[in-house]
Amino acid sequence: AQSVSQHNHHVILSEAASLELGCNYSYGGTVNLFWYVQYPGQHLQLLLKYFSGDPLVKGIKGFEAEFIKSKFSFNLRKPSVQWSDTAEYFCAVIPSGNAGNMLTFGGGTRLMVKP
Amino acid sequence: GAGVSQSPRYKVAKRGQDVALRCDPISGHVSLFWYQQALGQGPEFLTYFQNEAQLDKSGLPSDRFFAERPEGSVSTLKIQRTQQEDSAVYLCASSLRSASANEQFFGPGTRLTVL
């Protein structure tokens with residue numbers, strides 16, 4: 001079975017600082033990878049996803065993530081955070097093809113951006 | 001509305017009571033998922049429907065949990081004889097097709113508190 005680990009549970013940054021949130025997964029086959037975000041009081045929404053092609057994926061609101069297959073990683077980055085990026089971020093994985101359809105989530109990283 | 005809706009948004013139950021949680025997926029979405037999110041953790045898979053067929057219920061924690069989607073649209077998650085450890089947010093998600101690369105759209109969740 002697959003698993004996902006997010007190394008940072010809480011991150012505090014000042015506005016304009018750069019962000020990198022770590023995500024590692026364990027699974028022997030090919031995977032589809034996702035980052036979801038949950039803003040305070042709102043539901044989970046997709047930030048970006050990777051399933052094939054260019055390993056550098058760009059998402060909404062200036063976020064990007066890089067899939068490094070050799071490291072089983074899919075880290076999320078943003079060059080300059082804003083106060084409105086305060087939220088909880090979840091990395092998730094689904095095995096490709098017919099091996100399953102449910103998302104396996106990491107434990108989440110709570111980001112606080114100070115104005 | 002255009003999104004996934006869930007009701008009730010909040011439910012308080014006394015230990016031993018039965019509860020029923022409702023999910024209205026996005027119209028036309030084939031796949032429907034239920035997840036459980038305990039406090040401070042990422043969502044964990046409970047069960048998956050493709051139309052009215054329940055294809056995977058491996059994540060249901062006990063036989064007190066039961067889910068149905070009789071007409072392939074609205075789904076109900078029922079928990080019998082609730083226990084304190086059932087306290088969590090229950091998330092419903094739907095996707096247009098069953099392929100693993102399809103985005104899952106999440107509802108706002110039902111926060112269940114068992115006293």
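In what follows, the structure referred to is the one given above.
This section reports on the structure supplied with the text.

## A look at the nonpolar core
Right, so step 1: Of all hydrophobic cores here, the largest spans 28 residues; its most connected members are L33, W35, L47, L48, F74, L76 and Y89 of chain A.
Right, so step 2: Elements that contribute at least two residues to this core include exactly β2 (10-14), β3 (19-21), β5 (31-38), β6 (45-50), β8 (64-68), β9 (73-78), β10 (87-95) and β12 (109-114) of chain A.
Right, so step 3: Residues L21, C23, A67 and A88 of chain B belong to the second largest nonpolar core, which totals 20 residues.

## Considerations on the sheet that holds strand β8 (residues 75-79) of chain B
Residues and elements named next belong to chain B.
Right, so step 1: Taken in spatial order, the 4 strands line up as β1-β3-β8-β7 in an open sheet, and their pairing is antiparallel. Each edge of the sheet is formed by a strand with only one pairing partner; in this case those strands are β1 (5-7) and β7 (65-68). For this sheet, the mean inter-axis angle between neighbouring strands, taken without regard to orientation, is 15°.
Right, so step 2: As defined by bridge partners, β7 adjoins β8 across 4 bridges and the pair is classed as antiparallel. Residue pairing for β8: A67 is matched across the bridge by L77.

## What about the pattern of salt bridges?
Right, so step 1: Within the structure shown, the criterion is met by 8 salt bridges over all chains.
Right, so step 2: The salt bridge involving D24 of chain B is made with R22 of chain B; its shortest N-O contact spans 2.7 Å.
Right, so step 3: Given the relative accessible area of 22%, D24 of chain B is considered partly exposed.
Right, so step 4: Linked through salt bridges whose partners overlap, the residues forming this network are K58, E64, E66 and R77 of chain A.

## Looking at the pairing of β9 of chain A
Right, so step 1: Counted residue by residue, β9 of chain A has 5 buried out of 6 residues, so it is predominantly covered.
Right, so step 2: Remark: 4 residues form the turn of the hairpin made by β8 of chain A and β9 of chain A, two consecutive strands paired antiparallel; F72 of chain A in that turn has positive phi of roughly 50°.

## Remarks on the environment of S73 of chain A
Right, so step 1: Note that S73 of chain A resides in strand β9.
Right, so step 2: The contact partners of S73 of chain A, leaving out residues within four places of it in the chain, are C23, N24, Y25, E66, F67 and I68 of chain A.

## Topic: the state of the cysteines
Right, so step 1: Tallying each qualifying case throughout the model produces 2 disulfides over all chains.
Right, so step 2: Residue pairing for C23 of chain A: its cysteine sulfur links by disulfide to C91 of chain A, the two sulfurs lying 1.9 Å apart. Between C23 of chain A and C91 of chain A the disulfide shows an S-S torsion of about -65°. By sign, it is left-handed. Here C23 of chain A, found in the loop between β3 and β4 (24-26), pairs with C91 of chain A, found in strand β10; they are 68 residues apart in sequence, far enough to count as distant. Taken as a pair, C23 of chain A and C91 of chain A share a single burial class, namely buried.
Right, so step 3: Here C23 of chain B connects covalently by a disulfide to C92 of chain B, the sulfurs 1.9 Å from one another. Given an S-S torsion of about -65°, the disulfide between C23 of chain B and C92 of chain B has left-handed geometry.

About the thresholds
Residues numbered from 1 in each chain as written. Chains lettered and ligands numbered in written order. Predicted model: local features only at pLDDT ≥ 70, side-chain atom pairs only at ≥ 80, totals over all residues. Heavy atoms only, no water. Core = buried A, V, L, I, M, F, W, Y, C linked by side-chain atoms within 4.5 Å. Buried < 20%, exposed > 50% of the residue type's maximum accessible area, 1.4 Å probe, protein only. Helix = DSSP H or I, 4+ residues; strand = E, 2+ residues; numbered from the N terminus. Pairing = 2+ DSSP bridges. Axes fitted to C-alpha atoms, helices over the stretch in contact; angles between N-to-C directions. Salt bridge = Lys/Arg side-chain N within 4 Å of Asp/Glu carboxyl O. Contact = heavy atoms within 4.5 Å. Disulfide = S-S within 2.5 Å.

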